[in-house]
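# Coordinates in review
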Amino acid sequence: MLSPSSVIPVPLTEAEARHIWLRAQRLDRPAPFGDGPEATRAAVEHLGYVQIDTINVIERCHHHILWTRIPTYQREDLHRAQSVDKTVFEYWTHALSYVPTRDLRFFLPDMRRHRQSPSGWFDSVKAEDLDKVLTLIRNEGALSIKDIDDDVLVEKDHAWASRKPSKRALQLAFYTGALTVSERSGMLKTYELIERHFGWDKPPRAASERQVVNYLLDRALLSQGLVSLESICHLDARRKANVREAIETRVRRGQLLPVAVAGGGKAEHWARPEALSDLRAPEAEAVHILSPFDPLIIQRKRLSLFFHYEHRFEAYVPKEKRVFGYFALPVLVGDQIVAAIDLKADRKNRTLLVQQWTWVGRGSTASHKVRIEETLHRFEQFQFQS
């Protein structure tokens, strides 16, 4: 076997690195997952996760991320995948996300960890409140927090907390795997016993920590193409040592190659040999208006290295200090981010308002503007589809 330290890294230009990543993210071609409800399942399985967020200035990010890769996407497709076909479920990755049900066993160890050692966020959950919500659901079926109207309200101990003790009890039961979200309407979640939702006679066997580590590595290789320790373990520092060990094992076996990205300094990257066999740019310069929570955007250091673009999420920044605007969306044309557009949905008049348009990088050409406006029109239609 090879020694990882003896393998000479494959040199890549920034453009070649971008092309690998864009191809892995399926942003280099139209309709990469096909059409209809099955496309939603396929997209979530390929990406590994689709982040959920509460901000509703425009379409919520989970729908936006899917529409970006599925031009005919309908919100009902995600509802069907979660509540009817049950091919996706909600759980925590680096944030609350939709993840493939086929991967559920890799999340069972984290559920067990939350049972054994709940985070401080749940210190205020009383045993009687937890028993109450579990008994209600067990006896009466799936319910949302709106269905519980006998709580004695308490003072909030956090800006995002609820005055209903049952809400945090439901959240704790979700993180420990006793409950799952069986349906979502906007941000209102309906909870069900996890075994009843999935129809289990017995739960799947939890993955070992070694299997989880290899799953995280494989997930990143599939959706990122070119990976680093940071990109695999985004906001999951505790697994870095084990992931590095898994990477070195694959390098020794010739299954991964170290890569040196131009301008990347000492940052280490790896890729499968087959990912390095086609470094061409996308044939068509597709235009994508991306969510700030899109997998291509969410890891800011990686985004900066590959695209020389520093995205700013300014929803929580004082107005006078904003550069791109309250809810700016990066615009990808081909393999370049050329603009950041701050949008707001005027739902009463069913129109999309451009609050601010900022050219970045190599943007500002007449052809870019025309094509971006065409994509904005399609995005507007998506916002207000019935």
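In what follows, the accompanying structure is described.

About the criteria used
Residues numbered from 1 in each chain as written. Predicted model: local features only at pLDDT ≥ 70, side-chain atom pairs only at ≥ 80, totals over all residues. Heavy atoms only, no water. Helix = DSSP H or I, 4+ residues; strand = E, 2+ residues; numbered from the N terminus. Rg over C-alpha atoms; globule rule 2.2 N^0.38 Å. Buried < 20%, exposed > 50% of the residue type's maximum accessible area, 1.4 Å probe, protein only. Contact = heavy atoms within 4.5 Å. Areas by Shrake-Rupley, 256 points an atom, 1.4 Å probe, with all protein chains shown as cover. Lys, Arg positive; Asp, Glu negative; His and termini not counted. Charge placed at Lys NZ, Arg CZ, Asp CG, Glu CD. Pairing = 2+ DSSP bridges. Axes fitted to C-alpha atoms, helices over the stretch in contact; angles between N-to-C directions. Parallel < 35°, antiparallel > 145°, perpendicular 65-115°, else oblique. Nonpolar A, V, L, I, M, F, W, Y, C, P; charged D, E, K, R; others polar. Phe/Tyr/Trp six-rings, centres within 6.5 Å; stacked < 30°, edge-to-face > 60°.

### Points about the overall build of the chain
If you tally the helices and strands in the chain, you get 13 helices and 14 strands. Here the C-alpha atoms of the chain give a radius of gyration of 22 Å, agreeing with the 21 Å that 2.2 N^0.38 yields for 386 residues. The principal-axis extents of the C-alpha atoms in the chain amount to approximately 60 × 60 × 40 Å. For the chain, with 386 residues in total, the buried portion stands at 52%. Considering only residue pairs separated by 6 or more positions, the chain has 62% of its internal contacts joining residues 24 or more positions apart. Element-wise, carbon and sulfur atoms account for 51% of the exposed surface of the chain, whose accessible area totals about 18700 Å². When the 56 basic and 50 acidic side-chain charges of the chain are each reduced to a single mean position, those positions are 2 Å apart.

### With respect to the sheet that holds strand S7 (residues 188-193)
Each strand in a sheet pairs with another by means of backbone hydrogen bonds, the pair being arranged parallel or else antiparallel. The three strands lie next to each other as S5-S7-S6, forming an open sheet whose pairing is antiparallel. The sheet is open, and its two borders are formed by strand S5 (143-144) and strand S6 (179-185), each paired with just one other strand. Alignment of S6 against S7, held across six bridges, turns out to be antiparallel. Paired with Thr 180 across the bridge in S7 is Glu 192.

### Examining the environment of Leu 222
Turning to its location among the elements, Leu 222 is positioned in helix H9 (residues 209-224). On a C-alpha basis, the gap between Leu 222 and Ala 127 in space is 42 Å, while along the polypeptide they are 95 residues apart.

### Looking at the packing of helix H6 (residues 127-140) against helix H7 (residues 165-175)
Taken N-terminus to C-terminus, the directions of H6 and H7 make an angle of 75°; their axes are 8 Å apart at the nearest point. In terms of orientation, H6 lies roughly perpendicular with respect to H7. Residues Asp 129, Leu 130, Lys 132, Val 133, Leu 134 and Ile 137 of H6 pack against Pro 165, Ser 166, Ala 169, Leu 170, Leu 172 and Ala 173 of H7. Here the contact of H6 with H7 is built from residues that sort into nine nonpolar, one polar and two charged.

### A few points about the packing of aromatic side chains
Counting across every chain of the model gives 21 aromatic pairs. For the pair Tyr 73 and Phe 382, a centre-to-centre distance of 6.1 Å together with 55° between the ring planes defines the contact as tilted. Remark: Phe 382 occurs in helix H13 (residues 366-383) and Tyr 73 occurs in the loop between helix H3 (61-69) and helix H4 (75-84); sequence separation between them is 309 residues. Phe 382 matches Tyr 73 in its accessibility class, with the two residues each being buried. Here the aromatic rings of Phe 89 and Phe 198 are separated by 6.4 Å at their centres, their planes lie at 85°, and the arrangement is edge-to-face. Of the two residues, Phe 89 sits in strand S3 (residues 88-92) while Phe 198 sits in helix H8 (residues 194-198), which places them 109 residues apart along the sequence.

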